[in-house]
Amino acid sequence: SDLNRGLPSGEWNNPFSTYFEEKVHIPETDSQAFSFRKLWAFTGPGFLMSIAYLDPGNIESDLQSGAKAGFKLLWVLLVSTIIGLLLQRLAARLGVVTGMHLAEICNRQYPTVPRIILWLMVELAIIGSDMQEVIGCAIALNLLSVGRIPLWAGVLITITDTFVFLFLDKYGLRKLEAFFGFLITVMALSFGYEYVLVKPDQGELLKGMFVPYCAGCGPVQLEQAVGVVGAVIMPHNIYLHSALVKSREVDRKNKKEIKEANKYFFIESSIALFISFLINVFVVAVFAQAFYNKSNMEVNAECNVTGIPHTDLFPLNNDTLEVDIYKGGVVLGCFFGPAALYIWAIGILAAGQSSTMTGTYSGQFVMEGFLNLRWSRFARVLLTRSIAITPTLLVAIFQDVQHLTGMNDFLNVLQSMQLPFALIPILTFTSLTSIMNDFANGLVWKISGGIVILVVCAINMYFVVVYVTSLNSVLLYVFAALLSIAYLCFVGYLAWHCLIALGVSCLDFGGRVRNQPAVFIEEQSEYDS
């Protein structure tokens, strides 16, 4: 059966991704409890993973959350980040314990047809995310050049410099990770500057963060809350993090080393996501304080007074202001001067550039893992880039910078639909003792993980339904209904595997799923020996 398919003996320990050409050595220390030297050695993968929480799609979700709901949805951002951390913990543990990332294990565990469908779904998520990230970079370049660099030219520049930066790993893994750290610092300083400039109400901010209630909220705020969850928890990021942890030297035959690696990776991920949460809070707070309940008329008048171009973005009516990352920069320039606009654009450029690079790594890991590619480094980067960049370039050529919000909503919906294809497999494989041995999820993790994934997927499906019903087209409704049947059947198939892994053994007809991981472990022990 396809369930028992595997690679020839010995290939699992022969990493072929560019990121793993060098492994970071973990120093020996006398301290049994905690060592900052060891934490420093493990620091890197979590910060690269956290960049997905700071991509232009997230920044846009943040500013819309502030403009539409004020400080009231900060608690949703906090809860989403905590859920994200717990899911990233599962991804990191899978990589550390098995020495393989999620795409490799999916390739190993699922039959041919489901495996190919799963790969296509994850590729769709990566393409959608990549389009948002590259267009975010192009918008930042457009703002910085006062409109002189058109969107399509910005996309081409981003493609070029992404290739250049990706080859930084030739100079050492730690230097590459330091570069990502620099980009996160640029984001923190840029959005932190806007935060200090606007001086948000700290009392309202803390209330919004820790009181899980949204007074006077309606459908608009509810949709935005759902959008926040969808923007924070990204499917390709689970695949990415499970691969990044392989860059550290961990002896998988030594239970103590595995336990230690899991501990330090969790601490590092917590720190990284706390920093990304603060940066997201900066953005929400700026737009909540300065632009909540502002009308187009007010903004237009302010832009005319300060002489900032693009006042045509804000029609002369009393409708509530709607912003995206492009309009957000313009509005900041109108109210707080040109410096605010340019510093905002620098922050967006750093967010777009860093997330584009990690998106490329995700694409490589997913393609290599699912398809078992053995191509040259340049060929792999070129292929994974081209798949995501081609549609982005077409959009950039045929759309102007002012009309991208609709497409951004569509891309968010696309990624929301792909979420089960990362969350269900990660819970499935981390719950199987035949894969994780003593590090398999306990009963509490199985139940809480299952509930969290069910809730997150349900929230995202609600987001999809709201989007589809807003299209007002019978033809699209019929198409969406047919697509939904096929989609739900495949999600049901993955859920069936997951429930068996969680212990519902009565669903394991013929023992196909239960027997298959045993082959995995048997062959795995050959590779370890």
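Keep in mind that what you see is a predicted model, and the values were worked out from it rather than measured. (Residues numbered from 1 in each chain as written. Predicted model: local features only at pLDDT ≥ 70, side-chain atom pairs only at ≥ 80, totals over all residues. Heavy atoms only, no water.)

### A closer look at the overall build of the protein chain
No. 1: Summing up its helical and strand segments, the protein chain has 22 helices and 0 strands in all.
No. 2: Summing over all exposed atoms, the protein chain offers an accessible surface of approximately 21200 Å²; the carbon and sulfur share of this is 67%. (Helix = DSSP H or I, 4+ residues; strand = E, 2+ residues; numbered from the N terminus. Areas by Shrake-Rupley, 256 points an atom, 1.4 Å probe, with all protein chains shown as cover.)

### What about the layout of surface pockets?
No. 1: Roughly 690 Å³ of volume is contained in the largest pocket.
No. 2: Around the largest pocket, the lining is made up of 27 residues, and of these Met-417, Val-464, Val-468, Ala-480 and Leu-483 lie nearest the centre.
No. 3: Only helix 6 (112-144), helix 17 (405-418), helix 20 (443-469) and helix 21 (474-501) provide two or more residues apiece to the lining of the largest pocket.
No. 4: Looking at the lining of the largest pocket element by element, the count peaks at 11 residues for helix 21.
No. 5: Across the lining of the largest pocket, the residue classes break down as 24 nonpolar, 3 polar and no charged.
No. 6: Computed from the structure, the second largest pocket encloses a volume of approximately 520 Å³.
No. 7: In terms of residue class, the lining of the second largest pocket is built from 6 nonpolar, 9 polar and 7 charged. (1 Å grid on protein atoms, 1.4 Å probe; cavity = no way out; pocket = protein on both sides within 12 Å on 5 of 7 lines; lining within 4 Å. Points joined across faces, edges and corners; volume = space filled by probe spheres on them. Nonpolar A, V, L, I, M, F, W, Y, C, P; charged D, E, K, R; others polar.)

### A few points about the nonpolar core
No. 1: By size, the foremost hydrophobic cluster in this structure holds 154 residues, and its most contacted members are Leu-118, Phe-191, Tyr-239, Phe-287, Trp-344 and Phe-429.
No. 2: Tallying contributions element by element places helix 12 (residues 255-291) first for this core, with 18 residues.
No. 3: Beyond its immediate chain neighbours, meaning those up to four positions away, Phe-287 contacts Leu-63, Gly-66, Ala-67, Tyr-292, Val-323, Gly-328, Leu-332 and Trp-344. (Core = buried A, V, L, I, M, F, W, Y, C linked by side-chain atoms within 4.5 Å. Buried < 20%, exposed > 50% of the residue type's maximum accessible area, 1.4 Å probe, protein only. Contact = heavy atoms within 4.5 Å.)

### As for the pattern of salt bridges
No. 1: Applying the stated criterion across every chain, the model contains 5 salt bridges.
No. 2: Residue Arg-174 pairs with Glu-177 through a salt bridge whose shortest N-O separation is 3.1 Å. Remark: Glu-177 and Arg-174 occur in helix 8 (residues 173-198); sequence separation between them is 3 residues, near one turn of the helix.
No. 3: By relative accessible area, Glu-177 is classed as buried at 8%.
No. 4: Put simply, Arg-174, Glu-177 and Arg-248 are held in one network by salt bridges that share partners. (Salt bridge = Lys/Arg side-chain N within 4 Å of Asp/Glu carboxyl O.)

### Side note on the state of the cysteines
No. 1: Counted according to the given criterion, the structure contains 2 disulfides.
No. 2: Note that Cys-214 is cross-linked by a disulfide to Cys-217, the S-S spacing being 1.6 Å. Around the S-S axis, the bridge from Cys-214 to Cys-217 shows a dihedral of about -55° and counts as left-handed.
No. 3: Covalently, Cys-303 is tied to Cys-334 through a disulfide, its sulfur atoms 1.8 Å apart. In this structure, the disulfide formed by Cys-303 and Cys-334 twists by about 100° around the S-S bond and is classed as right-handed. Here Cys-334 lies in helix 14 (residues 325-336) and Cys-303 lies in helix 13 (residues 296-306), a separation of 31 residues in the sequence. There is no split in this pair, since Cys-303 and Cys-334 are both buried. (Disulfide = S-S within 2.5 Å.)

### Examining the packing of helix 6 against helix 11 (residues 235-244)
No. 1: Two numbers describe how helix 6 lies on helix 11: the axes approach to 8 Å, and their chain directions differ by 105°. The orientation of helix 6 with respect to helix 11, classified from their angle, is roughly perpendicular. Packed against helix 6, whose contacting residues are Leu-118, Val-122, Ala-125, Ile-126 and Ser-129, the element helix 11 presents Pro-235, His-236 and Tyr-239 at the interface.
No. 2: For the contact of helix 6 with helix 11, the per-class residue count stands at 6 nonpolar, 2 polar and no charged. (Axes fitted to C-alpha atoms, helices over the stretch in contact; angles between N-to-C directions. Parallel < 35°, antiparallel > 145°, perpendicular 65-115°, else oblique.)

### Digging into helix 5 (residues 102-109)
No. 1: In terms of burial, helix 5 is a largely internal element, 8 of the 8 residues being buried.
No. 2: Within the span of helix 5, buried status applies to Leu-102, Ala-103, Glu-104, Ile-105, Cys-106, Asn-107, Arg-108 and Gln-109.

### Details of the confidence of the model for the protein chain
No. 1: Model confidence for the protein chain is summarised by a mean pLDDT of 84, while 89% of its residues fall at 70 or above.
No. 2: Low pLDDT, under 50, characterises residues 1-17; the stretch is placed with 44 contacts to residues that sit more than four places away or in other chains.
No. 3: Long-range and interchain partners of residues 514-529, a stretch whose pLDDT sits below 50, account for 39 contacts in this model, where long-range means more than four residues apart. (pLDDT = per-residue confidence, 0-100.)

### Some remarks on the side chain of Glu-133
No. 1: Along the polypeptide, Glu-133 turns up in helix 6.
No. 2: Glu-133 gets classed as buried once you look at its relative accessible area, which sits at 1%.
No. 3: Within the structure, the side chain of Glu-133 is placed 2.7 Å from the side chain of Ser-129, a separation counted as a polar contact.
No. 4: Once residues lying within four places of it in the same chain are set aside, the contact partners of Glu-133 are Asp-55, Pro-56, Gly-352, Ser-355, Thr-356 and Gly-359. (Polar contact = N/O pair within 3.5 Å; in protein donor to acceptor, adjacent residues only side chain to side chain.)

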